[in-house]
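Chain by chain, the residues run as shown.
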Amino acid sequence: FDEAVRRVDAEFAAFHDAYPPVAAEYRQAAELAAYINWMCVVEPAGHLTRPTMLMSKNWMANVWSWDHCFNAMALAEGSPHLAWDQMMVLFDAQHPVTGALPDAMNDRSMLWAFVKPPVHGWALRWMFSRNARLADTRRLKEVFAPLARWTEWWFTWRDSDGDGLPEYHHGNDSGWDNGTVFDAGLPVEGPDLAAYLILQMDVLADMAARLGRSDAADAWKRQADVLLGLLIDHSWRGDRFAVPRSGDH
């Protein structure tokens, strides 16, 4: 038992020490935060193909397909290998036909009733800026095609009126689960959704350029620029963004 305690204590110390240093007044809070993250990491099993940080070991014992991005960001500087596992574990479960990501999963189940916002490109850019080792060629090749398929899913499966602006079909798809913006009816063309996709396509263009795929880089940049124009045309009201309802706006 004593040896097990020493071993686990050393494992947590190594995890904690990889986090960025903080001022003395925040050390207790930082240690608690590191502990919460560390104790929520589970070994690969079932649907979980990699070590995975669950959102809780209580009743939210899943990982959702945007929370995994935030988990990866938390680990990017000090634990890049574990960070990459967090980013890719949901992409390992990507639907082989449509390119959708499961809304949530654990080792035993996957939920496909909803999706989550495409914050993945934004998160990857943030991670690359904090740790250049994460942007090596091997990892860029690993994530490029899944990220492209996830981006294309929104234009193929979430544009009911065919106007080029993807839409939310449910509040749960947006992360604003119970937001009052959805009271006026669904689906809606969330300006936040378009912004996420513009950023994601810009990141795809950057990644393609770094991989020597200039045609793909140009194509993603053009698509991002087109969507930016549509976002302004549909949603900008001169002093704020509005949320048009798909079909009648």
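First, a word on scope: everything that follows refers to the structure included in this document. The residue numbering used here restarts from 1 in each chain and proceeds along that chain's sequence as written. Given that this is a predicted model, residues contribute local features only at a pLDDT of at least 70 and side-chain atom pairs are listed and counted only at 80 or more, while totals for whole chains, interfaces and linings are drawn from all residues. Only hydrogens and water are set aside; all other atoms, that is, all heavy atoms of the structure, feed into the side-chain values.

The next point concerns the overall build of the protein chain. The secondary structure content of the protein chain amounts to nine helices and five strands. Numbering of helices and strands starts at the N terminus; helices are DSSP runs of H or I of at least 4 residues and strands are runs of E of at least 2. Helices (α) and strands (β) of the protein chain occur, in sequence order from the N terminus, as α-α-β-β-β-α-α-β-β-α-α-α-α-α. Two things to know: the radius of gyration comes from C-alpha atoms, and the globule rule equals 2.2 Å times the number of residues to the power 0.38. The C-alpha radius of gyration computed for the protein chain amounts to 20 Å, which stays within 12% of the reference 18 Å derived for 249 residues, consistent with globular compactness. Across its three principal directions, the C-alpha atoms of the protein chain cover 65 × 45 × 40 Å. Taken over 249 residues, the protein chain has a buried fraction of 46%. For accessible areas, the Shrake-Rupley method is used with a probe of radius 1.4 Å. Any residue's cover is judged against the shown protein chains and nothing else. About 12,700 Å² of surface is accessible on the protein chain, with carbon and sulfur atoms providing 55% of the total. We treat Lys and Arg as the positive residues and Asp and Glu as the negative residues; His and chain ends play no part in the count. All charge positions are set by atom: Lys at NZ, Arg at CZ, Asp at CG, Glu at CD. Averaging the positions of the 22 positive and the 34 negative side-chain charges in the protein chain gives two centres separated by 5 Å. The classification of residues rests on relative accessible area computed with a 1.4 Å probe and restricted to protein chains. Under 20% of the type maximum is buried, over 50% is exposed, and intermediate values are partly exposed.

Take the side chain of D85 next. With respect to the element layout, D85 can be found in helix α4 (residues 80-92). On the basis of relative accessible area, D85 is assigned to the buried category, the value being 17%. Here, two residues are considered to be in contact whenever any of their heavy atoms come within 4.5 Å of each other. If near-sequence neighbours (up to four positions away) are discounted, D85 is found in contact with R50 and P51.

Another aspect to go through is the packing of aromatic side chains. For Phe, Tyr and Trp, rings pair up if their centres lie within 6.5 Å, where Trp contributes its six-membered ring, and each pair is then called stacked (planes under 30 degrees apart), edge-to-face (over 60) or tilted (otherwise). For the structure on display, the rule yields eleven aromatic pairs. An angle of 85° between the planes, with centres 5.0 Å apart, marks the rings of W153 and W154 as edge-to-face. We classify W153 as buried; its relative accessible area is 5%. Given a relative accessible area of 0%, W154 falls into the buried group. An aromatic cluster is defined as three or more aromatic residues linked by ring pairs; in this entry it consists of W150, W153, W154, Y168 and F182.

Together, L228, I232, W236 and F241 give the surface a local cluster of nonpolar side chains, amounting to about 360 Å² of exposed area. Along the chain, the position of W236 falls in the segment after α9 (214-235). Each patch is assembled from residues with relative accessible area greater than 30% and no salt bridge, linking like charges that lie within 9 Å and nonpolar side chains (Val, Leu, Ile, Met, Phe, Trp, Tyr) that lie within 5 Å. Within this document, salt bridges are pairs made up of a side-chain nitrogen of Lys or Arg and a carboxyl oxygen of Asp or Glu, the two lying within 4 Å of each other.

On to empty space enclosed by the protein, then. Think of a 1 Å grid over just the protein atoms. A cavity is a set of points where a 1.4 Å probe fits yet cannot get out, a pocket is an open set with protein on both sides within 12 Å along at least five of seven lines, and lining residues have an atom within 4 Å of a point. Grid points are joined across faces, edges and corners, and a volume is the space filled by probe spheres set on the points. This structure, assessed with the given rule, holds one cavity of 30 Å³ or more. Of the voids in this model, the largest cavity is the one considered here, and its volume is about 40 Å³. Taken together, A18, Y19, P20, A74, L75, G78 and S79 make up the full set of residues lining the largest cavity. Among the residues making up the lining of the largest cavity, the classes are represented as five nonpolar, two polar and no charged. Note that Gly is not counted as nonpolar here; it falls among the polar residues with everything else outside the nonpolar set of Ala, Val, Leu, Ile, Met, Phe, Trp, Tyr, Cys and Pro and the charged set of Asp, Glu, Lys and Arg.

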